[in-house]
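Breakdown of the fold
Next come the chains, spelled out residue by residue.
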Amino acid sequence: MTTTPTPPPITEPDPSTFACPGSLVGPCSGCQRPTHKYGSGGSPLCQWCMTPVQENWGRTVRYTSTRPQG
C-alpha cells in the first residue's frame, strides 16, 4: 500500500488548474476542489480524489463520458 501526502485544504486548487485556461476549470466531482475538469486533458476528479480510484482500478483508469456527442 502506498501512502499519499495529505491533500491541502479544499480551498486550494488542484495543481492541474495552473496549466489550463480558466474556462476549463470546474469543481471536482468528489470534493468540489477547483480542478482542470473540462476540455482535452480534463478529469471529473482532482488528483487527490483520483489517487484512491487508481489504486483500486489501476493506473490506466480513465473517465469516459456517456453523453451523446453532437
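What you see is a predicted model, and the numbers here were worked out from it, not measured in a lab. (Residues numbered from 1 in each chain as written. Predicted model: local features only at pLDDT ≥ 70, side-chain atom pairs only at ≥ 80, totals over all residues. Heavy atoms only, no water.)

1. Overview of the overall build of the protein
How we decide: In this text, helices come from DSSP runs of H or I with a minimum length of four residues, and strands from runs of E with a minimum of two, each type numbered from the N-terminal end. The buried label applies to any residue whose accessible area, calculated with a 1.4 Å probe on protein chains only, is under 20% of its type's maximum; exposed applies above 50%, and partly exposed to all values in between. The contact rule is simple, with two residues in contact once any of their heavy atoms fall within 4.5 Å. Accessible surface is estimated by sampling points in the Shrake-Rupley manner with a 1.4 Å probe; for residues, cover comes only from the protein chains shown.
Looking only at helices and strands, one finds one helix and two strands in the protein. Starting at the N terminus, the α and β elements of the protein follow one another as β-β-α. Taking all 70 residues of the protein together, the buried fraction comes to 21%. Taking contacts inside the protein between residues at least 6 apart in sequence as the whole, the part at least 24 apart equals 19%. A total of about 5,200 Å² of accessible surface is found on the protein, and carbon and sulfur atoms cover 57% of it.

2. What to know about the side chain of Ser 43
Assignment of secondary structure puts Ser 43 in the loop between β2 (34–36) and α1 (47–57). Among all residues touching Ser 43, those that are not within four sequence positions of it are Thr 35, His 36, Lys 37 and Met 50.

3. Some details on α1
Spelled out, the test is: This arc corresponds to the set of directions leading from the helix axis out to the C-beta atoms.
When α1 is considered as a whole, its buried residues turn out to be Cys 49, Met 50 and Gln 54. The arc enclosing the buried residues of α1, seen along the axis, measures out at 130°, which places them on a common side. In the segment just after α1, Gly 58 is the residue with positive phi, at about 105°.

4. Digging into the confidence of the model for the protein
The line we're drawing: Across the chain, each position has a pLDDT score giving the predictor's confidence in that residue, from 0 to 100.
When pLDDT is averaged along the protein, the result is 82; 81% of the residues meet or exceed 70. Of all the helices and strands in the protein, α1 carries the lowest mean pLDDT, 86, while strand β1 (residues 25–27) carries the highest, 93.

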